[in-house]
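# Descriptive structure summary
Residue strings, one per chain:
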Amino acid sequence: MNHVDKAFEPSVLTIQKGQMVAFPNGDDIRHQVYCLSSPKPSEINLYSGINTTPIEFEQHGIVVLGCNIRDDMVGYINIADDEALWQSDKHGEVTLQSEIERAMVRHPDLDVYHTERESLLIQEATVSQIVTLELMSFLQSQGRRTFGSGKFGHV
């Protein structure tokens, strides 16, 4: 999960439980990444040009990442527990296997706490299906897209 232009890249990463995630710093400035989420509380100091040891994520769940130096840097790691998990492309599209009848859909802006999921019934014999999600705007979430006032963990 790189750091590019003072942002996590990608902003959402989907992995399986037990996988390792590297946190390279592609910026020419320092970052201090925090995670207080129960699947993997951690703190990583990132310096430009210095690699850190990848971190293993042993528990399933959603990890919310923030930067102690830049409150508006927020990233998410979805950790699956041996379940089928897909991440959409930049256009919001994903291809599922034909035998899938129901899927859980998650987007960081579905709710204020960035953890809610919606259940979706997959229509039979349909080549494609458009799903529209009602997302929270930055103002609706009362600025919760950041960790606020330099105090990490207020999600």
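Please refer to the structure placed before this passage.
Residues numbered from 1 in each chain as written. Predicted model: local features only at pLDDT ≥ 70, side-chain atom pairs only at ≥ 80, totals over all residues. Heavy atoms only, no water.

### What about the environment of aspartate 28?
Mapping aspartate 28 onto the fold places it in the loop between strand S4 (20-21) and strand S5 (31-35). Residue classification places aspartate 28 among the exposed residues on the basis of a relative accessible area of 69%. Sequence separation of aspartate 28 and serine 48 is 20 residues, and the distance between their C-alpha atoms is 5.2 Å. (Helix = DSSP H or I, 4+ residues; strand = E, 2+ residues; numbered from the N terminus. Buried < 20%, exposed > 50% of the residue type's maximum accessible area, 1.4 Å probe, protein only.)

### Some points on the pattern of salt bridges
For the structure on display, the rule yields two salt bridges. Among the salt bridges present, the one from lysine 17 reaches aspartate 81, with a minimum N-O distance of 2.8 Å. Placement of lysine 17 in the loop between strand S3 (12-16) and S4 and of aspartate 81 in the loop between strand S9 (74-80) and strand S10 (102-106) is noted, with a sequence separation of 64 residues between them. A residue is classified by how much of its surface remains accessible, and lysine 17, at 34% relative accessible area, is partly exposed. On the basis of relative accessibility, which here comes to 30%, the residue aspartate 81 falls in the partly exposed class. One salt bridge connects glutamate 58 with lysine 40, and the closest N-O pair in it is separated by 3.3 Å. Taken together, the positions of glutamate 58 in the loop between strand S7 (55-56) and strand S8 (61-67) and lysine 40 in the loop between S5 and strand S6 (42-46) put the pair 18 residues apart, joining distant regions of the chain. (Salt bridge = Lys/Arg side-chain N within 4 Å of Asp/Glu carboxyl O.)

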